[in-house]
Amino acid sequence: MMHSSAKIFYDFVNWLISLRFFSDGELSEILEEFDGVQGVVESNLFISAYEEIARYLARNKTIDEMVEFFESNRGVLSELPGEQYYFVESVVDVYSGDGRNVSNLIDASPERYREYLLNRFA
């Protein structure tokens, strides 16, 4: 289990870097409190790291960009639902906290997450 969490996390952050959502340096800053990617893996802090990355993206992307991102990447965002759910939830949480209507974001999220998101944000 530990190995697959680490591999999926590494793949996820490298994928976001390849999409130019942030640079390696920015990722180090985002995960600074965990001592970077390596610290996340060594300390098994995957959920917290997904939440931190999500908050960074939600603050730096429009809600429409994130709706499109969710729609296009439902599979990737639910490879490890027990951990990656918190990435999706944290994105929704940032926009919801800003008073935004998050229904499109919830609709765009992986199907298995929607019931939980609706319970929390609707």
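Below is a summary of the structure that appears in this document.

Reading guide: rules and limits
Residues numbered from 1 in each chain as written. Predicted model: local features only at pLDDT ≥ 70, side-chain atom pairs only at ≥ 80, totals over all residues. Heavy atoms only, no water. Axes fitted to C-alpha atoms, helices over the stretch in contact; angles between N-to-C directions. Helix = DSSP H or I, 4+ residues; strand = E, 2+ residues; numbered from the N terminus. Parallel < 35°, antiparallel > 145°, perpendicular 65-115°, else oblique. Left-handed = near helix turned anticlockwise from the far one by under 90°. Contact = heavy atoms within 4.5 Å. Nonpolar A, V, L, I, M, F, W, Y, C, P; charged D, E, K, R; others polar. Core = buried A, V, L, I, M, F, W, Y, C linked by side-chain atoms within 4.5 Å. Buried < 20%, exposed > 50% of the residue type's maximum accessible area, 1.4 Å probe, protein only. Phe/Tyr/Trp six-rings, centres within 6.5 Å; stacked < 30°, edge-to-face > 60°. Arc of directions from axis to C-beta. Salt bridge = Lys/Arg side-chain N within 4 Å of Asp/Glu carboxyl O.

### Observations regarding the packing of helix α4 (residues 46–60) against helix α6 (residues 81–97)
At a minimum axis distance of 8 Å, the contact between α4 and α6 shows a crossing angle of 30 degrees. Accordingly, the angle class assigned to the pair α4 and α6 is roughly parallel. You can see that α4 and α6 cross each other, and the crossing is right-handed. Each of Phe-46, Ile-47, Tyr-50, Glu-51, Ile-53, Ala-54, Arg-55, Leu-57, Ala-58 and Arg-59 in α4 lies in contact with α6, whose residues at this interface are Gly-82, Glu-83, Gln-84, Tyr-86, Phe-87, Ser-90, Val-91, Val-94 and Tyr-95. Among the residues forming the contact of α4 with α6, the class breakdown is 12 nonpolar, three polar and four charged.

### A word on the nonpolar core
It is characteristic of soluble globular proteins that their nonpolar side chains tend to be buried jointly. Membership of the largest hydrophobic core comes to 46 residues, with the highest contact counts inside it found for Phe-9, Phe-22, Leu-31, Ile-53, Phe-70, Phe-87 and Leu-105. Taken together, the elements giving at least two residues each to this core come down to α1 (2–18), α2 (24–30), α3 (36–43), α4, α5 (63–72), α6, α7 (103–108) and α8 (111–121). Ignoring any residue separated from it by four or fewer positions in sequence, one finds Ile-53 in contact with Phe-9, Val-13, Leu-16, Phe-22, Leu-27, Ile-30, Leu-31 and Phe-87.

### Looking at the packing of aromatic side chains
Under the defined criterion, the tally for this structure stands at 13 aromatic pairs. Plain terms: the ring middles of Tyr-85 and Tyr-86 are 5.3 Å apart, the flat faces sit at 80 degrees to each other, and that makes the pair edge-to-face. On the basis of relative accessibility, which here comes to 11%, the residue Tyr-85 falls in the buried class. Judged by centre distance (6.0 Å) and plane angle (75 degrees), the rings of Tyr-85 and Tyr-116 are edge-to-face. One end of the pair, Tyr-85, is in helix α6; the other, Tyr-116, is in helix α8, and 31 residues separate them in sequence. With a relative accessible area of 51%, Tyr-116 lands in the exposed category. Ring pairing ties together the aromatic residues Phe-9, Phe-12, Trp-15, Phe-21, Phe-46, Tyr-50, Phe-69, Phe-70 and Phe-87, which thus form one cluster.

### A few points about the side chain of Ser-78
Within the secondary structure, Ser-78 is located in the loop between α5 and α6. Those residues in contact with Ser-78 that lie beyond four places of it in its chain are Gln-84, Pro-110, Arg-112 and Tyr-113.

### Comments concerning α5
Listed in full, the buried residues belonging to α5 are Ile-63, Met-66, Val-67, Phe-69 and Phe-70. The buried residues of α5 occupy an angular sector of 165 degrees when projected down its axis, which confines them to one face. Exposed residues pointing more than 90 degrees away from the buried face of α5 are listed as Asp-64, Glu-68 and Ser-72.

### Some points on unusual backbone geometry
With a phi angle near 65 degrees, Arg-20 is a residue other than glycine that sits in the positive phi range. As for its placement among the helices and strands, Arg-20 is situated in the loop between α1 and α2. Overall, Arg-20 belongs to the exposed group, its relative accessible area being 73%.

### Some points on the pattern of salt bridges
Taken as a whole, this structure holds four salt bridges when the rule is applied. A salt bridge links Glu-52 to Arg-55; the nearest nitrogen and oxygen atoms lie 2.9 Å apart. Placement of both Glu-52 and Arg-55 in helix α4 is noted, with a separation of three residues, approximately one turn of the helix. By relative accessible area, Glu-52 is classed as buried at 16%.

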